[in-house]
There are 2 protein chains.
Amino acid sequence: MAEFDSFSAETEDEPLDPRRVAAIRAAVEAGDAARLTGLVEPLHAADIADLLEQMAPADRRDFLRLYSGEMDGDILSEIDDSIREEVIGALPHDVLAEAVRDLETDDVVDILEDLEAPEQAIILSALTAADRAAVEQAMAYPEYSAGRLMQREVVVAPAHWTVGETIDHLRGAEWLPDQFYHVILVDPRMRPQGYVTLGRLLSSRREIALRDIVEDSFRTIEATEEEAEVAYIFNQYHLISCPVVDEGGRLVGVITIDDAMNVLDEEHEEDMLRLAGVGDESSLSDGVLATVRRRIPWLFINLVAANLAALVIAQFEGTISGLVVLAALMPIVASMGGNAGTQSLTVAVRALATRDLTGSNAWRVIRREAGVGLVNGCAFALVMGGVGWGIYGSGLLGGVLGAALVFNLFTAALAGTVVPLLLDRLGFDPALSSGTFVTTITDVVGFFAFLGLASMILI
Amino acid sequence: MAEFDSFSAETEDEPLDPRRVAAIRAAVEAGDAARLTGLVEPLHAADIADLLEQMAPADRRDFLRLYSGEMDGDILSEIDDSIREEVIGALPHDVLAEAVRDLETDDVVDILEDLEAPEQAIILSALTAADRAAVEQAMAYPEYSAGRLMQREVVVAPAHWTVGETIDHLRGAEWLPDQFYHVILVDPRMRPQGYVTLGRLLSSRREIALRDIVEDSFRTIEATEEEAEVAYIFNQYHLISCPVVDEGGRLVGVITIDDAMNVLDEEHEEDMLRLAGVGDESSLSDGVLATVRRRIPWLFINLVAANLAALVIAQFEGTISGLVVLAALMPIVASMGGNAGTQSLTVAVRALATRDLTGSNAWRVIRREAGVGLVNGCAFALVMGGVGWGIYGSGLLGGVLGAALVFNLFTAALAGTVVPLLLDRLGFDPALSSGTFVTTITDVVGFFAFLGLASMILI
């Protein structure tokens, strides 16, 4: 009873609790636009976007037809790439134009990136000339670069100003960005010299010079820098915003932490999906065929690897027909190796991503993993040796099983660490390709060690 | 040549480039404290912490003996939990006391959480009475709660104040937090009523009332809320800071985005490691035995599962001895099922974590996955049916292999989605336990389907 109460109390706090979702669905089915607006209105744009993503495509179409007048830019910004084109295609041009006009340029760029040319043209034509130029300049930077991520709206002050001059200037400004956390000090050629936090500015006396209250943590990012690097820098140095400069060191924009947090989140998702062989940009909104297309290449590679393992086993058909119990036990060796390899591999991929694993400690980590592989191998060799002896009535069989386990768990630990390190050194993403390499190695080595030892000792 | 140049240019930007690390190591070996300080001094605290984490334990001891006088609180804060106790144990008490005195209370709490009682006592005794009381109050909140995460230093103003009154108050304040992004409006009972961004405060005229420039995005978090929920709220609603309240709705602290970003990062790591069966709080600094202890339970569970699969195979020993090629082909069916299951599982676990997968779209996602499993199954059935026919010379064998693949890939897709959904519904972490369940299911079903069909049709 207590548990039920706390559950219902919790769902009341959830913006997308099942009752509201059901009521929204009912309003859409009834074609009741006023009721729909009343139900959706109190929700944050991010929650409305989630609502749209969770709908079946047909329901989403009906929803948009009824709600389109109320769609604003924030919702478009929040919507997942996978359905954004569909949503934008469903909106009347004037609604779309109205929606994007309110957005800051970095958000417009983020929307534009994933659209086809005709939709891009519609959105660009809705912008003011100045905004359009800013967006087109941002789009000229490479994809996944700091230049695409930054907002071009910056708040700057000459390095020689005082606190009072700066505050007066801000009060007189016709327009300021929604989000800004520093005033960036620039020289006459617009090169950033430092920055002052707004907290410092507010709490300092008017006559204090800006250059006397700049932050130690000041650093800049080049516009061509990769966004993954940007996310790393924000996370590592706890930045809240960071000026972006061009090749000449001139200020071209600023990246704020919410953008960096987004990138960090996407990078994590990418690592996780790549490790599982799912492929990038997977989304629950994708249909069956889009999902199949993304997953089938990885399954195909696994098929090739599995056939390689089958080829190894086929060499020992004589051994197996001499002692059929080998066929039952051999997957144990392969499966334990695969699991141990995945453990080492995941730790290595994660440590490479966070830069905890570098050239200076790689050898130490490899040695540690080799030690872990040996210890685990011996532990499970004892267990399975005992099982082989006790259940299958053969001490020799138990010994072969145990020896194969030691050998394969040692191989797994080494491969799980060395393979991602090598791929990373060669410039590949270690998350993308390590898994198949490692399990192929542990399968082939596991079957070969077990059946090979068996053919020498048991047959 | 061009590539070599760009490589060396890049490493010069890296704070921990190999040459600096080598020079630091040399200075430690030579016992040259002045040179060591000169080399470490320009580094950010986060980089010094990384340097310590990447060292072998013996090197770290030598480093700390030489550098201990310069250790400050920021470095302690940045150091990974796994070696923090070791580092703190290596510092003289007066250095440690000096180091923690500069930190804000949330950072002290973060350090304290992972220490044993004697080290906790040393640190607590170094604090001023007011700070100690604040830290002890924070430690009274449950672990992994918002109360532990928040800083207690808040910047507030009565809701009836004007911009000018607020700025004068801030200028007169003896002390302000390092990081603050909003002034929180409170009623006379310290209940938050809204907040004003510092940007708004700076750009508004002095006579404007604070309550006229509050943000729409205002929300509060309860101190007992779980930190995972805090991270979700910051990410979902793009918050930069958020007031924390007690049960009575009174302001007790504030959480800033850098803390939330940290939690998000840890949650991701946890999901990734749990999916791979590594266990929590894994670190590259752990020794062999600590690592073995963390990984062996998962390998043991896998061993039980693998023995279950072996038991299934053992039922078909007669079938296998009649047609030994079955032993070579059966791992293909199991391996393809395991891979497809891991794909579905990872997508489901990630979608549950981001709350894209909810009660309202679960059925649709399950139906989609079932469709994907069927399509993939049929595709690979065709390929392997052909291989079975072509290479092993038996159309019937190809047919059995294909049918088993369809059946197992369909099962894998379903299990990969339903198992994490069920675990989540039952209150378990889907990342923690799904993997073993799903691969056990695909192994058992794969072997059973393939060998069962073979025994009926081929023998």
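What you are looking at is a predicted structure, and each value in this text was computed from that prediction instead of being measured.

**What to know about the overall build of chain A**
(1) Moving on: Of the regular secondary structure elements, chain A holds 22 helices and six strands.
(2) Moving on: Expressed along its principal axes, the backbone C-alpha trace of chain A runs to roughly 90 × 60 × 55 Å.
(3) Moving on: Counting over 459 residues, chain A shows a buried share of 54%.
(4) Moving on: Surface summary for chain A: the accessible area is close to 19,300 Å², and the carbon and sulfur share equals 55%.
(5) Moving on: Of the charged side chains in chain A, 31 are positive and 71 negative; the average position of the first set lies 5 Å away from that of the second.

**Let's talk about the side chain of D258 of chain A**
All names here are of chain A.
(1) Moving on: In this fold, D258 is placed in helix 16 (residues 257–275).
(2) Moving on: The buried charged residue D258 lacks any salt bridge partner; its closest oppositely charged side chain belongs to R84, at an N-O distance of 13 Å.
(3) Moving on: A distance of 2.7 Å separates polar atoms of two side chains, one belonging to D258 and the other to T256.

**Considerations on the environment of H160 of chain A**
All names here are of chain A.
(1) Moving on: Residue placement: H160 occurs in the loop between strand 1 (156–158) and helix 13 (163–172).
(2) Moving on: Residues H160 and A209 lie 49 residues apart in sequence; the distance between their C-alpha atoms is 6.9 Å.
(3) Moving on: In contact with H160, other than residues within four places in its own chain, are E165 and R211.

**Considerations on the interface of chain A and chain B**
(1) Moving on: Contact with chain A, which involves 116 residues of that partner, is made by 116 residues of chain B.
(2) Moving on: The tally of links from chain A across to chain B stands at six salt bridges.
(3) Moving on: With a closest N to O distance of 2.8 Å, R295 of chain A and E369 of chain B form a salt bridge.
(4) Moving on: The interface formed by chain A and chain B holds 45 residue pairs in polar contact (both at pLDDT 80 or more) in total.
(5) Moving on: If one sorts the elements of the side of chain A that touches chain B by residue count, helix 19 (residues 325–353) of chain A sits on top with 18 residues.
(6) Moving on: Here the side of chain A that touches chain B is composed, by residue class, of 65 nonpolar, 29 polar and 22 charged.

**A few points about the pattern of salt bridges**
(1) Moving on: Across all of its chains, the model carries 40 salt bridges over all chains by this definition.
(2) Moving on: Across the salt bridge formed by D17 of chain A and R19 of chain A, the nearest N and O atoms sit 3.4 Å from each other.
(3) Moving on: On the basis of relative accessible area, D17 of chain A is assigned to the buried category, the value being 8%.
(4) Moving on: Put simply, D62 of chain B and R65 of chain B hold a salt bridge, and the shortest N to O gap is 3.5 Å. Here D62 of chain B and its partner R65 of chain B are both found in helix 5 (residues 57–67), three residues apart, which amounts to about one turn of the helix.
(5) Moving on: Among the residues examined, D62 of chain B registers a relative accessible area of 32% and is labelled partly exposed.
(6) Moving on: Overlapping salt bridges bring together D81, R84, D110 and D114 of chain A as one network.

**Remarks on the UniProt feature "transmembrane region" (unreviewed entry) in chain A**
Residues and elements named next belong to chain A.
(1) Moving on: What UniProt calls "transmembrane region" (unreviewed entry) maps, in this numbering, to residues 298–316, 322–349, 370–392, 398–423 and 435–458.
(2) Moving on: In the segment residues 298–316, helix accounts for 89% and strand for 0%; the C-alpha atoms at its two ends are 28 Å apart.
(3) Moving on: When the span residues 398–423 is considered, its composition is 100% helix and 0% strand, and the gap between its end C-alpha atoms is 37 Å.

**As for the nonpolar core**
(1) Moving on: Core analysis: the biggest nonpolar cluster contains 71 residues, and I320, M330 and F450 of chain A together with I320, M330 and F450 of chain B have the highest contact counts within it.
(2) Moving on: Apart from the residues lying within four places of it in its own chain, the contact partners of F450 of chain B are L326, L329, M330, V333, V400, L401 and A404 of chain B.
(3) Moving on: Grouped together as the second largest cluster of nonpolar side chains are 60 residues, Y141, L239 and V244 of chain A together with A46 of chain B included.

**Remarks on the environment of M190 of chain A**
Residues and elements named next belong to chain A.
(1) Moving on: With respect to the helices, strands and loops of the structure, M190 is situated in the loop between strand 2 (182–186) and strand 3 (192–197).
(2) Moving on: M190 sits in the partly exposed class, given a relative accessible area of 31%.
(3) Moving on: Those residues in contact with M190 that sit more than four places away from it in its chain are V156, G249, R250 and L251.

**Some words on the packing of aromatic side chains**
(1) Moving on: Tallying each qualifying case throughout the model produces seven aromatic pairs over all chains.
(2) Moving on: On the numbers, 5.3 Å between centres and 40° between planes, the contact of F63 of chain A with Y67 of chain A is tilted. Taken together, the positions of F63 of chain A and Y67 of chain A, both in helix 5 (residues 57–67) and four residues apart, correspond to about one turn of that helix.
(3) Moving on: Residue F63 of chain A is classed as buried on the basis of its relative accessible area, which comes to 0%.
(4) Moving on: A residue is classified by how much of its surface remains accessible, and Y67 of chain A, at 4% relative accessible area, is buried.
(5) Moving on: Pairing F316 of chain B with F448 of chain B gives two aromatic rings, centres 5.9 Å apart and planes at 70°, and the pair type is edge-to-face. Taken as a pair, F316 of chain B in the loop between helix 17 (288–314) and helix 18 (317–322) and F448 of chain B in helix 22 (residues 430–457) lie far apart in primary sequence, 132 residues in all.
(6) Moving on: Exposure remark for F448 of chain B: the relative accessible area of 52% places this residue in the exposed category.
(7) Moving on: Its guanidinium or amino end placed over the ring of Y237 of chain A, R219 of chain A lies 3.7 Å from that ring's centre, counting from NZ or CZ.
(8) Moving on: The side chain of R355 of chain A reaches across the aromatic face of Y232 of chain A, ending 3.7 Å from its centre.

**Observations concerning helix 2 (residues 18–30) of chain B**
All names here are of chain B.
(1) Moving on: Between its terminal C-alpha atoms helix 2 stretches 18 Å, which fits the 18 Å expected from 13 residues at 1.5 Å a residue.
(2) Moving on: Buried within helix 2 we find V21, A23, I24, A27 and V28. For helix 2, the buried positions fall inside an angular range of 160° around the axis, keeping them on one side. Opposite its buried face, helix 2 presents the exposed residues P18, R19, E29 and A30, each directed more than 90 degrees away.
(3) Moving on: Next to the buried residues of helix 2 lie helix 3 (33–40), helix 4 (45–54) and helix 5.
(4) Moving on: Looking one or two residues past helix 2, G31 carries a phi angle of roughly 65°, positive in sign.

**Some details on the sheet that holds strand 2 (residues 182–186) of chain B**
All names here are of chain B.
(1) Moving on: In spatial order, the strands read 1-2-3; together these three strands make up an open sheet with mixed pairing. Strands with a single pairing partner mark the edges of an open sheet, and in this sheet they are strand 1 (156–158) and strand 3 (192–197). Strand-to-strand, the axes of this sheet are offset by a mean angle of 35°, without reference to chain direction.
(2) Moving on: When strand 1 meets strand 2, the two strands line up parallel, connected through three bridges. Counted as the bridge partner of P158 is V186 from strand 2.

Rules used throughout
- Per-chain numbering applies: the sequence of each chain, read as written, is numbered from 1 onward.
- The naming scheme follows written order: chains are lettered A onward, ligands numbered 1 onward.
- In keeping with the predicted nature of the model, local features appear solely for residues at pLDDT of at least 70, side-chain atom pairs appear and are counted solely at 80 or more, and the whole-chain, interface and lining totals rest on all residues.
- Each side-chain value is worked out from all heavy atoms of the structure, with water and hydrogens disregarded.
- The numbering of helices and of strands both runs from the N terminus, where a helix is a DSSP run of H or I of at least 4 residues and a strand a run of E of at least 2.
- To sort residues, take the accessible area from a 1.4 Å probe on protein chains only and compare it with the maximum for the residue type: under 20% means buried, over 50% means exposed, and anything in between is partly exposed.
- Each accessible area is a Shrake-Rupley result for a 1.4 Å probe, and residues are judged covered by the shown protein chains and nothing else.
- We score Asp and Glu as negative and Lys and Arg as positive, and we do not count His or the chain ends.
- A charge is said to be at NZ when it belongs to Lys, at CZ for Arg, at CG for Asp and at CD for Glu.
- The salt bridge criterion pairs a side-chain nitrogen of Lys or Arg with a carboxyl oxygen of Asp or Glu, the two atoms within 4 Å.
- Here a polar contact is taken to be a pair of N or O atoms separated by no more than 3.5 Å, where protein atoms must pair a possible hydrogen donor with a possible acceptor and residues adjacent in sequence count only if both atoms sit in side chains.
- Contacts are residue-level and defined by heavy atoms, with any inter-residue pair within 4.5 Å sufficient.
- Here the term charged refers only to Asp, Glu, Lys and Arg, the term nonpolar to Ala, Val, Leu, Ile, Met, Phe, Trp, Tyr, Cys and Pro, and the term polar to all other amino acids, Gly among them.
- UniProt positions are given in the numbering used here, feature names are shortened, and annotations may be inferred rather than shown by experiment.
- Only buried residues count toward a nonpolar core, which is a set of Ala, Val, Leu, Ile, Met, Phe, Trp, Tyr and Cys residues joined through side-chain atoms within 4.5 Å.
- Each pair of aromatic rings taken from Phe, Tyr and Trp, with Trp reduced to its six-membered ring, is defined by centres within 6.5 Å and is described as stacked if the planes are under 30 degrees apart, edge-to-face if over 60, and tilted in the remaining cases.
- Geometrically, a lysine NZ or arginine CZ counts as sitting over a ring once it is within 6 Å of the ring centre and also within 35 degrees of the ring normal.
- Multiplying 1.5 Å by the residue count of a helix minus one yields the expected span of that helix.
- Note: the arc covers the axis-to-C-beta directions of the helix.
- One requirement defines pairing of two strands: DSSP has to find at least two bridges between them.
- In this analysis an axis means a line fitted to C-alpha atoms, helices contributing only their contacting stretch, and an angle means the value between N-to-C directions, from 0 to 180 degrees.

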